[in-house]
Amino acid sequence: MKILFLDQSGKPGGAELCLIDIAKPYRDRSLVGLFADGDFKTLLQQNQIPVEVLTTKPIQVKKQSNLFQALASFQQLIPLLIKVVKIAKKYDLIYANTQKALVIGALASVLSRRPLVYHLHDILSLEHFSPINLRVAVTLANTFASLVIANSQASQTAFTQAGGKAEITAIVYNGFASKNYQIPEAEIKQIQQELDLESKFVIGHFSRIAPWKGQHILIAALAKCPPQVTAILVGDALFGEQNYAQELHQQVKTLGLENRVKFLGFRADIPQLMSACNIVTHTSTAPEPFGRVIVEAMLCGTPVIAAKAGGAMELVEHGVNGFLTTPGDSKELAKVINTCREEIEITATIANNARNIASQRFDIATINQQIAQLLSSGN
Ligand code: UDP
C-alpha cells in the first residue's frame, strides 16, 4: 500500500516520533509530507523515510484559535491543499497524523478521491482545544475519515464524547523496540559521570517544556526531598513556551535548588539518560493522551511515577508496574519519591515487572501488524 502521511510539525514531538515507527515499514513506497521544516525532517531522513516539506509558511491557527482566526487561516491553506491533492493522486491512502494535517487531508481526500485515515494523538477536550477547533476536528473525522486510530482509550473516549463516531475508531497504543532501551552498564556509568550524577539520587523528567507538562510540580516536589535528591529536566520549549521555561528557572532560583536541578534541553539519547535515573516522573497537570515517556522509562527498567489521568492510567497500575499520583500535587509526589528511595527492593521489583510487561504490550512489531491490518481491512 502506498501511503501519503501528513504531519504539520517540523519538530519531533511524541506524535512525530510515533509516525517514524509507523511509516518505516512503508518507506519504499510512501511519502511523509510536512507543513514545516525542522529537525523532524532530519530524523525521517536518518530513518530512510522519504520526506517532503510541502510549505514553509507557518499555519497561523493554534489549538486555542477562535472561529475568526480559523477562517482567516483558510485562505492561506489553499496553495498547500492544491499541492497535497496533486501528490495524493499518486498514493492509495492519506494518513493524517495531526489536526492541521486532518484539515488538509480531509479536503484532499475528497478532491483526490483517496481514503483518509486520521491518527488521533490528542485528547479532544476543552482543556486542550478551543471549541471551534474541537468541532472542526470531530466533524472532519466523522465526515471524511474511514478510520480514526486513537492512541489510547482516553483519546478515544474524548473523541466520542465530543461527538465522534465510535464505529470508525480503533485504539492502537504506540509501539517501541525494547532492544533500543537496553543500555550497557558502561554507557550508563559514562553518562552519569558526564553529568556529574554519581552518588546522587536522580529524578528524570522527559518532556517538552510546556505548562501542562508540569515541570514546576517536580521542582516543587524536589524542594520537599532531602538534598541528595537531584533532578534532570530533559526537553525543549518546542512550541513557543519560552515564558514558562523562564518561570521554571526562576522557581529553581527562588527555592535555592540551583545545584540540584539541571536543564538539559532537547536530547536524542533518551534511553541512556532514563537508564541513568533512579526514578522517572511524569507530571502532566491535564490528562495525557498516551505518554510515550512512561513506556520508555519502563523499558529502561527505571521506576516511573506518573500523574493519574488520561492515557497514563492505562499504562500504569499503581504498585504493580509503577506509581500514580494526583495531578498537580507536589506534596504527594515528594512522598512517593521518598518511599521509593526507602523501599529499594519493592521499587526494583515493580520496575522489573514494568519492563517485562511493557516489552510485550508495546512491542513495535505487534503494533505495526495491528496498523497494517486496520489499513488493509478498512481501505
Ligand atoms: N523526547 C525526546 N527528547 C527530549 C524530550 C522528549 O526525544 O529531549 C521524546 C520522548 O522520549 C518521547 C517524546 O519525546 O518519546 C514525547 O512523547 P510524549 O508522548 O511523552 O509527549 P508528547 O510530546 O506527545 O506530548
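Heads up: the structure comes first, above all this text.
Residues numbered from 1 in each chain as written. Predicted model: local features only at pLDDT ≥ 70, side-chain atom pairs only at ≥ 80, totals over all residues. Heavy atoms only, no water.

Brief notes about the overall build of the protein chain
Turning to step 1, where the next piece is worked out: Counting secondary structure elements, the protein chain contains 15 helices and 13 strands.
Turning to step 2, where the next piece is worked out: In terms of overall dimensions, the protein chain is globule-like: its C-alpha atoms have a radius of gyration of 21 Å, near the 21 Å expected for 379 residues.
Turning to step 3, where the next piece is worked out: For the protein chain, the C-alpha atoms occupy an extent of roughly 60 × 40 × 35 Å along the three principal directions.
Turning to step 4, where the next piece is worked out: Element-wise, carbon and sulfur atoms account for 52% of the exposed surface of the protein chain, whose accessible area totals about 16700 Å².
Turning to step 5, where the next piece is worked out: Distance between charge centres in the protein chain, computed from 35 positive and 31 negative side chains, equals 8 Å. (Helix = DSSP H or I, 4+ residues; strand = E, 2+ residues; numbered from the N terminus. Rg over C-alpha atoms; globule rule 2.2 N^0.38 Å. Areas by Shrake-Rupley, 256 points an atom, 1.4 Å probe, with all protein chains shown as cover. Lys, Arg positive; Asp, Glu negative; His and termini not counted. Charge placed at Lys NZ, Arg CZ, Asp CG, Glu CD.)

Side note on the site of the ligand
Turning to step 1, where the next piece is worked out: Around the ligand lies a shell of 15 residues, among which Arg208, Lys213, Arg267, Arg292 and Glu296 are the nearest.
Turning to step 2, where the next piece is worked out: Residue glycine 14 places a main-chain N or O atom 3.1 Å away from an oxygen atom belonging to the ligand.
Turning to step 3, where the next piece is worked out: Here an oxygen atom of the ligand and a side-chain polar atom of glutamate 296 are 2.7 Å apart.
Turning to step 4, where the next piece is worked out: Taking 550 Å² as the accessible area of the ligand by itself, protein coverage stands at 89%.
Turning to step 5, where the next piece is worked out: Looking at the shell around the ligand, the elements that each hand over two or more residues are helix H1 (14–23) and helix H11 (292–300).
Turning to step 6, where the next piece is worked out: In terms of residue count, the dominant contributor to the shell around the ligand is H11 (three residues).
Turning to step 7, where the next piece is worked out: Here the shell around the ligand is built from residues that sort into five nonpolar, four polar and six charged. (Near = heavy atom within 4 Å. Polar contact = N/O pair within 3.5 Å; in protein donor to acceptor, adjacent residues only side chain to side chain. Nonpolar A, V, L, I, M, F, W, Y, C, P; charged D, E, K, R; others polar.)

Observations regarding the packing of aromatic side chains
Turning to step 1, where the next piece is worked out: Following the criterion strictly, the structure yields six aromatic pairs and no others.
Turning to step 2, where the next piece is worked out: Taking 5.8 Å as the distance between ring centres and 40° as the angle between the ring planes, the aromatic pair formed by tyrosine 173 and phenylalanine 290 counts as tilted. Of this pair, tyrosine 173 sits in the loop between strand S7 (169–171) and helix H7 (185–194) while phenylalanine 290 sits in the loop between strand S11 (279–281) and H11, and the two are 117 residues apart along the sequence.
Turning to step 3, where the next piece is worked out: Using a relative accessible area of 18% as the deciding quantity, one classes tyrosine 173 as buried.
Turning to step 4, where the next piece is worked out: Assessed through its relative accessible area of 3%, phenylalanine 290 is described here as buried.
Turning to step 5, where the next piece is worked out: An aromatic cluster of at least three residues, connected via ring pairs, comprises Phe5, Tyr26 and Tyr95.
Turning to step 6, where the next piece is worked out: The residue whose ring lies beneath lysine 2 is tyrosine 91, and the NZ or CZ to ring-centre distance is 5.9 Å.
Turning to step 7, where the next piece is worked out: Lying across the ring of phenylalanine 201, arginine 341 places its NZ or CZ 5.9 Å from the centre. (Phe/Tyr/Trp six-rings, centres within 6.5 Å; stacked < 30°, edge-to-face > 60°. Buried < 20%, exposed > 50% of the residue type's maximum accessible area, 1.4 Å probe, protein only. Lys NZ or Arg CZ within 6 Å of the ring centre and 35° of its normal.)

What about the sheet that holds S7?
Turning to step 1, where the next piece is worked out: With respect to topology, seven strands assemble into an open sheet ordered S3-S2-S1-S4-S5-S6-S7, the strand pairing being parallel. With one partner strand each, in any of the chains shown, strand S3 (51–53) and S7 form the two edges of the open sheet. Ignoring strand direction, the axes of neighbouring strands in this sheet form an average angle of 20°.
Turning to step 2, where the next piece is worked out: For strand S6 (residues 145–150) and S7, the ladder comprises three bridges, and the chain directions are parallel. Across the sheet, the residue bridging to alanine 150 is isoleucine 171, located in S7.
Turning to step 3, where the next piece is worked out: Contacts from helix H5 (residues 131–144) reach strand S5 (116–120) and S6 within the one sheet, and its direction differs from that of S6 by about 125°. (Pairing = 2+ DSSP bridges. Axes fitted to C-alpha atoms, helices over the stretch in contact; angles between N-to-C directions. Contact = heavy atoms within 4.5 Å.)

A closer look at the layout of surface pockets
Turning to step 1, where the next piece is worked out: Its volume calculated, the second largest pocket comes out at about 390 Å³.
Turning to step 2, where the next piece is worked out: Lining the second largest pocket we find 23 residues, and of these Ser275, Cys277, Asn278, Gly301 and Pro303 sit closest to its centre.
Turning to step 3, where the next piece is worked out: If you list the elements that add at least two residues to the lining of the second largest pocket, you get H7, strand S8 (201–206) and helix H14 (344–361).
Turning to step 4, where the next piece is worked out: No other element matches the five residues that H14 contributes to the lining of the second largest pocket. (1 Å grid on protein atoms, 1.4 Å probe; cavity = no way out; pocket = protein on both sides within 12 Å on 5 of 7 lines; lining within 4 Å. Points joined across faces, edges and corners; volume = space filled by probe spheres on them.)

In short, the description is geometric, and any link to function would need to be established separately.
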